[in-house]
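Residue-level structural notes
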Amino acid sequence: MKFSTPTTAACLVFLVALGFYLLSGNAPSPHARLITPASAPATLATAPGLSSSSAATAPIQPVAPLQDSGAAALPTALRHGAPFPGTPPQIAFSSGPLGWELQLKEARSKAGDGASAASAILRMLSYLPEEALETAVEQALEKLPDKEWAATAGPFLANPASHVRVLSVLFADLMERPQAVSLPALAGLAKDPSHPFASFAFDNLRLFLGEDLKLADLSADAPIAPKENANPPVQNPEVPQ
């Protein structure tokens, strides 16, 4: 079968036009898939009470950027250094003298002499705090004359129920007194086995009177006189626990 020349030319023109049309992209791709409403991605969430059509046409409102509202949320008083609600009040500590220090000062100022001041302060030992005992006894003995020691401080040293801090200061002070004051007081302590300083008192007596001294030799009527070349006594023994 033979084709005429005009028909052949027309086919060629048609093929060229079809190729141009396909290359221009206007024709649908054979692999393209139609997007149906069921498979279309949602681009805007539908708010409650709005239809899908109104949600699609509603304008999108711009969102303001987040701000640091920590300082702004605090009350004005807190931003200016005021205490946080519920904070306990601050306690102002005073650097002035303590109450017992004022009591000791008042007792010394009211006393007419050293013996009166010592007697007034020693009577306060029963109610002073423990940390004040040593200072109180030291101040009481500071101006106590030797001749008043046995009558004023002696009973507190001889009492085994006295606080050990009181006994320690009294015993140390007694060792600095003349032997006429210290030996009788030491003999009284050594003869009392319930006294916590009895052994220390007896050891010091042996240093004064000789190593051959016996407890039986100590009596209220026997005179106590130190021997020559005696060793120095123990000034401040360790406080027994």
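Conventions used here
- Residues numbered from 1 in each chain as written.
- Predicted model: local features only at pLDDT ≥ 70, side-chain atom pairs only at ≥ 80, totals over all residues.
- Heavy atoms only, no water.
- Helix = DSSP H or I, 4+ residues; strand = E, 2+ residues; numbered from the N terminus.
- Buried < 20%, exposed > 50% of the residue type's maximum accessible area, 1.4 Å probe, protein only.
- Polar contact = N/O pair within 3.5 Å; in protein donor to acceptor, adjacent residues only side chain to side chain.
- Contact = heavy atoms within 4.5 Å.
- pLDDT = per-residue confidence, 0-100.
- Expected span 1.5 Å × (residues − 1).
- Core = buried A, V, L, I, M, F, W, Y, C linked by side-chain atoms within 4.5 Å.
- Phe/Tyr/Trp six-rings, centres within 6.5 Å; stacked < 30°, edge-to-face > 60°.

Brief notes about the side chain of His-195
Residue position: His-195 is located in the loop between α11 (179–190) and α12 (198–209). Residue His-195 is classed as buried on the basis of its relative accessible area of 4%. A polar contact is formed between the side chain of His-195 and the backbone oxygen of Leu-157, at a distance of 2.6 Å. When residues no more than four places from it in sequence are discounted, the contact partners of His-195 are Leu-157, Ala-158, Asn-159, Pro-160, Leu-167 and Leu-189.

Some details on the confidence of the model for the chain
Summarising the model, the chain shows a mean pLDDT of 75, and 53% of its residues fall at 70 or more. The weakest mean pLDDT in the chain belongs to helix α2 (residues 52–57) at 50; the strongest belongs to helix α9 (residues 154–158) at 97. For residues 34–47, every residue scores under 50 in pLDDT, and the model assigns this stretch 9 contacts once sequence neighbours within four places are set aside.

Considerations on the environment of Leu-209
You can see Leu-209 is positioned in helix α12. Residue classification places Leu-209 among the buried positions, given a relative accessible area of 10%. The spacing of Leu-209 and Leu-183 is 26 residues in sequence and 9.4 Å in space, taken between C-alpha atoms.

Overview of helix α5 (residues 99–110)
With 12 residues, α5 ought to run about 16 Å at 1.5 Å a step, and its terminal C-alpha atoms sit 17 Å apart, in line with that. Next to the buried residues of α5 lie α6 (114–123) and α7 (133–142).

Here's the deal with the nonpolar core
One finds Leu-128 and Leu-205 to be the most contacted residues of the largest nonpolar core, which totals 42 residues. Of all the secondary structure elements, the ones that give two or more residues to this core are α5, α6, α7, α10 (164–174), α11 and α12. Apart from residues no more than four positions distant in its own chain, Leu-128 is found in contact with Trp-100, Gln-103, Leu-104, Leu-133 and Ala-136.

A closer look at the packing of aromatic side chains
Under the criterion given, the structure shown has 2 aromatic pairs. On the numbers, 5.2 Å between centres and 90° between planes, the contact of Phe-171 with Phe-197 is edge-to-face. Here Phe-197 lies in the loop between α11 and α12 and Phe-171 lies in helix α10, a separation of 26 residues in the sequence. The same class applies to Phe-171 as to Phe-197, namely buried. Taking the centre distance of 5.6 Å and the plane angle of 85° together, the rings of Phe-197 and Phe-200 count as edge-to-face. According to the relative accessible area criterion, Phe-197 is buried, its value standing at 0%. Residue Phe-200 is classed as partly exposed on the basis of its relative accessible area of 25%. Members of the aromatic cluster, each reached through a chain of ring pairs, are Phe-171, Phe-197 and Phe-200.

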